Amino acid sequence: MFIAGTYDVIVVGAGHAGCEAALAPARMGAKTLLTTLNMDNIALMPCNPAVGGPAKGHLVREIDALGGEMGINTDQTCIQMRMLNTGKGPAVHALRAQADKHLYQTVMKETLEHQENLDVKQLLIEKILIENGRVAGVQIETGEVYQCQCVILATGTYLRGKIIIGEVVYSGGPNGQRAAMNLTASLVDLGIRLMRFKTGTPARVDRRSLDFSKMIIQPGDETVHNFSFMSDIKTRVQEPCWLTYTNEETHNIIRANLHRAPMYTGLIEGTGPRYCPSIETKIVRFAEKQAHQLFIEPEGLHTNEMYVQGMSTSLPIDVQYEFLRTIAGMENVKIMRPGYAIEYDCVDPTQLRPTLEFKDIPGLFSAGQANGTSGYEEAAAQGLVAGINAALCIQGKEPLVLSRSDAYIGVLIDDLVTKGTNEPYRIMTSRAEYRLILRQDNADLRLTEKGRQIGLVQDERYARFSKKRDAIKEILTLLKETPITPVPEIQARLIKMGTTELRTGSNLYDLLRRTEVNYDSLCEHFHVPELPSGVKEQVEIAVKYQGYIQKQFEQVAKALRLEAKKLPDKLDYEMLSGLSQEAQQKLNEIKPLSVGQASRISGVSPADISILMVYLEQQRRRGELE
Ligand SMILES: Cc1cc2nc3c(=O)[nH]c(=O)nc-3n(C[C@H](O)[C@H](O)[C@H](O)COP(=O)(O)OP(=O)(O)OC[C@H]3O[C@@H](n4cnc5c(N)ncnc54)[C@H](O)[C@@H]3O)c2cc1C
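Residues numbered from 1 in each chain as written. Predicted model: local features only at pLDDT ≥ 70, side-chain atom pairs only at ≥ 80, totals over all residues. Heavy atoms only, no water.

**Student:** For this particular structure, what's the right way to read helix α1 (residues 16–27)?
**Tutor:** Turn by turn, an α-helix covers 3.6 residues, leaving residues three or four places apart pointing in a common direction. For α1, spanning twelve residues, the distance from its first C-alpha to its last is 17 Å, which sits close to the expected 16 Å at 1.5 Å a residue. The buried fraction of α1 is high, at eleven of twelve residues. Buried within α1 we find H16, A17, G18, C19, E20, A21, A22, L23, A24, P25 and A26. Backbone geometry just downstream of α1 places G29 in the positive-phi region, at approximately 100 degrees. (Helix = DSSP H or I, 4+ residues; strand = E, 2+ residues; numbered from the N terminus. Expected span 1.5 Å × (residues − 1). Buried < 20%, exposed > 50% of the residue type's maximum accessible area, 1.4 Å probe, protein only.)

**Student:** Help me understand the site of the ligand in this model?
**Tutor:** Taken together, 35 residues lie near the ligand, and H16, A17, I125, Q369 and G375 sit nearest. With respect to the ligand, the side chain of S374 contributes an N or O atom lying 3.2 Å from a nitrogen atom. G375 is positioned with one of its backbone polar atoms (N or O) 2.7 Å from an oxygen atom of the ligand. Alone, the ligand offers 980 Å² of accessible surface; in the complex the protein occludes 97% of this. Put simply, the parts of the chain that give the shell around the ligand at least two residues each are α1, β3 (32–36), β14 (194–201), β21 (340–347) and α10 (376–394). No other element matches β14, which puts three residues into the shell around the ligand. Of the residues assigned to the shell around the ligand, the class counts are 19 nonpolar, 15 polar and one charged. (Near = heavy atom within 4 Å. Polar contact = N/O pair within 3.5 Å; in protein donor to acceptor, adjacent residues only side chain to side chain. Areas by Shrake-Rupley, 256 points an atom, 1.4 Å probe, with all protein chains shown as cover. Nonpolar A, V, L, I, M, F, W, Y, C, P; charged D, E, K, R; others polar.)

**Student:** Help me out: how do you make sense of the packing of helix α12 (residues 443–453) against helix α13 (residues 459–480) in this one?
**Tutor:** Each pair of packed helices can be summarised by the angle the axes make with each other and by the distance between the axes. Relative orientation of the contacting elements α12 and α13 amounts to 140 degrees, with a least axis distance of 10 Å. In terms of orientation, α12 lies oblique with respect to α13. For the pair α12 and α13, the sense of crossing is left-handed. Here D444, L445, T448, E449 and R452 of α12 lie close against α13, whose contacting residues are D459, R461, Y462, F465, K468, R469 and I472. A breakdown of the residues in the contact of α12 with α13 according to their chemical character gives four nonpolar, one polar and seven charged. (Axes fitted to C-alpha atoms, helices over the stretch in contact; angles between N-to-C directions. Parallel < 35°, antiparallel > 145°, perpendicular 65-115°, else oblique. Left-handed = near helix turned anticlockwise from the far one by under 90°. Contact = heavy atoms within 4.5 Å.)

**Student:** Looking at this structure, I do not really get the side chain of Q369. What am I missing?
**Tutor:** Tracing the sequence through the fold places Q369 in the loop between β22 (364–366) and α10. With relative accessibility at 13%, the residue Q369 sits in the buried group. Within polar-contact distance, the side chain of Q369 engages the side chain of Y344 at 2.9 Å. For Q369, the residues in contact, after removing those within four places along its chain, are G156, T157, T199, Y344, C346, S374, G375 and A379.

**Student:** Before we go on, may I ask you to explain the environment of L294 in this structure?
**Tutor:** Structurally, L294 can be placed in strand β18 (residues 293–298). Here L294 falls in the buried class, since its relative accessible area comes to 0%. In sequence terms L294 and N252 are 42 residues apart; their C-alpha atoms lie 17 Å from each other. Look past the residues within four positions of L294 in its chain and what remains in contact with it is W242, L243, T244, Y245, T246, V308, Q309, G310, M311 and I327.

**Student:** What exactly am I supposed to notice about the domain arrangement of the protein chain here?
**Tutor:** One frequently used descriptor of interface size is the decrease in accessible area upon assembly of the parts. Domain boundaries in the protein chain define domain 1 (204–342), domain 2 (459–555) and domain 3 (564–622). When each unit is reduced to the centre of its C-alpha atoms, the spacing between domain 2 and domain 3 is 46 Å. (Domains from an automatic or database assignment.)

**Student:** Hey, could you run me through the pattern of salt bridges in this one?
**Tutor:** One side chain can pair with another of opposite charge once the charged atoms of both are near each other. Within this structure, the stated rule accounts for 44 salt bridges. Notably, a salt bridge pairs R196 with E343, separated by 3.2 Å at the nearest N-O pair. A residue pair is termed long-range when its members are at least 10 positions apart, and R196 in strand β14 and E343 in strand β21 qualify at 147 residues. No difference in accessibility class separates R196 from E343, as the two residues are buried. (Salt bridge = Lys/Arg side-chain N within 4 Å of Asp/Glu carboxyl O.)

**Student:** I tried to follow the packing of aromatic side chains on my own but got confused; where do I start?
**Tutor:** Here the distance between the centres and the angle between the planes together describe a pair of aromatic rings. Scanning the model with the defined rule gives four aromatic pairs in all. Their ring planes at 50 degrees and their centres at 6.4 Å tell us that Y545 and Y548 sit as a pair that is tilted. Sitting above the plane of the Y7 ring, K31 keeps its charged end 4.7 Å from the centroid. Directly above the aromatic system of F526 lies the positively charged group of R493, at a separation of 4.8 Å from the ring centroid. (Phe/Tyr/Trp six-rings, centres within 6.5 Å; stacked < 30°, edge-to-face > 60°. Lys NZ or Arg CZ within 6 Å of the ring centre and 35° of its normal.)

**Student:** What is the right way to read the sheet that holds β22 from this model?
**Tutor:** One open sheet accounts for five strands, arranged β7-β3-β2-β11-β22; its pairing is parallel. The open sheet has two free edges, formed respectively by β7 (118–122) and β22, since each of these has just one partner strand. On average, adjacent strands in this sheet sit at an angle of 20 degrees to one another, irrespective of strand direction. Together, β2 (9–12), β3, β7 and β11 (150–153) form the strand contacts of α1, whose direction differs from that of β3 by roughly 165 degrees. (Pairing = 2+ DSSP bridges.)

**Student:** Can you help me understand the sheet that holds strand β12 (residues 162–165) in this one?
**Tutor:** In any sheet, the strands associate via hydrogen bonds between backbone groups, in a parallel or an antiparallel arrangement. Spatially, four strands are ordered β13-β12-β21-β14 in an open sheet, and the strand pairing comes out antiparallel. One side of each edge strand has no neighbouring strand; the edge strands of this open sheet are β13 (168–171) and β14. Adjacent strand axes in the sheet meet at a mean angle of 20 degrees when their direction is disregarded.

**Student:** Help me out: how do you make sense of the nonpolar core in this one?
**Tutor:** In a soluble, globular protein the nonpolar side chains are often hidden away together inside. Counting residues in hydrophobic clusters, the biggest one holds 104 residues, and the most contacted among them are L112, I128, I152, L364, I388 and I409. No other element matches the eleven residues that α10 contributes to this core. For L112, the residues in contact, after removing those within four places along its chain, are C19, L23, L34, I42, L118 and V120. In terms of nonpolar packing, the next biggest core, distinct from the first, is built from 25 residues, L258, V308, L324 and I335 among them. (Core = buried A, V, L, I, M, F, W, Y, C linked by side-chain atoms within 4.5 Å.)

Rendered as structure tokens:
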């Protein structure tokens, strides 16, 4: 056996999960190897050229706050940025960027190749090697072995990948790449349960064949935004997107060809994403709808490829041409790449701990689409957590577990490992119970300190963060400690500010709570310092939403009391009489860390939770538990 190298951590896959999963341990000092089937497809965006949006944008900010790379990479390579939902409360404000796909890959590849402690290689991993019950390395299709202490699976949509376009089916990965056909067997041999999922993508069409005069332009925001708390980009050339619609003629062509749609002929077995349905599924599921929105998005500055968002399909190519040419502005469309569906194997995530390590295979971690999620951001968030925990595992330190009140990343991972998923899981703001405190604007205040403690947040970021955090605290104190009294001079200022006079003494903090007052007007009329936009935003939200935020923290404190009630890892729940059979079976399967996690397992009732509480109290009294 030829040992080609020895590492601390080996990452299988250089997609959005793999890139973060490799950079984190390397930056924390672990000797890391990142592998991929094709070095030219590192950080490939096989689907829409967009990063962010509701909840996904929150994930990108959280990845950045912890010291991850996606936010920085997007800021440097995006060709349009918009802040969505600005008409609603700050909890759902979300940044969304159009990325130049090729530039995104190039910049990420450069970052990886220049990262200390990190090697990047084009290798096809065929087998996970186990010795004495724990990970020992990987075997390559060409026979060599790489030894290591931790392996992170980030295999995306490639495990036994199958491409489907109409009646045409072949093994393969996205964009004409090869599939990984043999690793699945190795995972099954290790006793890992796998699922078969599917996702799809629309055609890419030639910009020169489109008539934009028949579409509605969608420009980016004039205000320049950045995902990363480290980015200072002040100007950006923005490319527009375009809005058009399907129509009855489009729908009729699709309806007339449903008998040739792989979704309905049975050629597709895998389960697809509910929240990213193909056009043929939309036509069936929303039959009454007259028109579906389509966003025509540029794939990059140096390509004519345009992405038809909202038109994912695996219908035969002739049908794709026929229905695309019914759409306003696409009458003479030329397809550069057809829409297709891809089926692939992924892991049932209930086999993982909240650290993303397999419960039964120490040293083996899994992240990204391989865990049953869908989306670049979801993948990158898991990759970061798996990478961090592999490094902490090697350093013999406490793992990083983010709770549902810490981060959307915590919501995402807790949903996966506690509830599992039987379709590609996509993050949404509605999945988070503490939305008001998990905003995209305060991700650094929630997470950068944690990133610092685990050794991933570097000095420059920490200095910038500390300065901002301290400034916020200082100003809030200043506002609270600056009294204002109902004297004529103050009353006159208040009138000028467009607000009402004081009846009794107050302070600037309470003045800022008034809807019609903002920090800029306070600054204009009172001696308070001008503030950088990030600090000002936090001060305004903290003051204006104080009551709601306080209430949410009370809910969090209540939930954390249940999270603090730890459950023994080795407990056999069949021994606890009184629990329902379903609860015994589910609790033994999931092995929850706490009563809080147990309460989120479907099939575990409040009555079962009371029995667990009684059991813990008895154990505590017997001195068998803290
Ligand atoms: C056709 C298609 C349509 C999609 N549509 C959507 C959508 O509509 N909405 C959405 O949110 N997301 C969509 N996605 C998903 C999105 O692309 C993924 O969520 C994201 O890319 C997942 O990132 P990842 O890192 O987990 O995996 P990937 O980006 O798939 O990367 C996997 C990596 O693993 C490598 N690899 C795999 N097996 C091996 C092996 N044995 N040895 C070495 N390397 C290996 C590959 O080379 C690749 O580098 C779509 C994906 C595809 C392919």
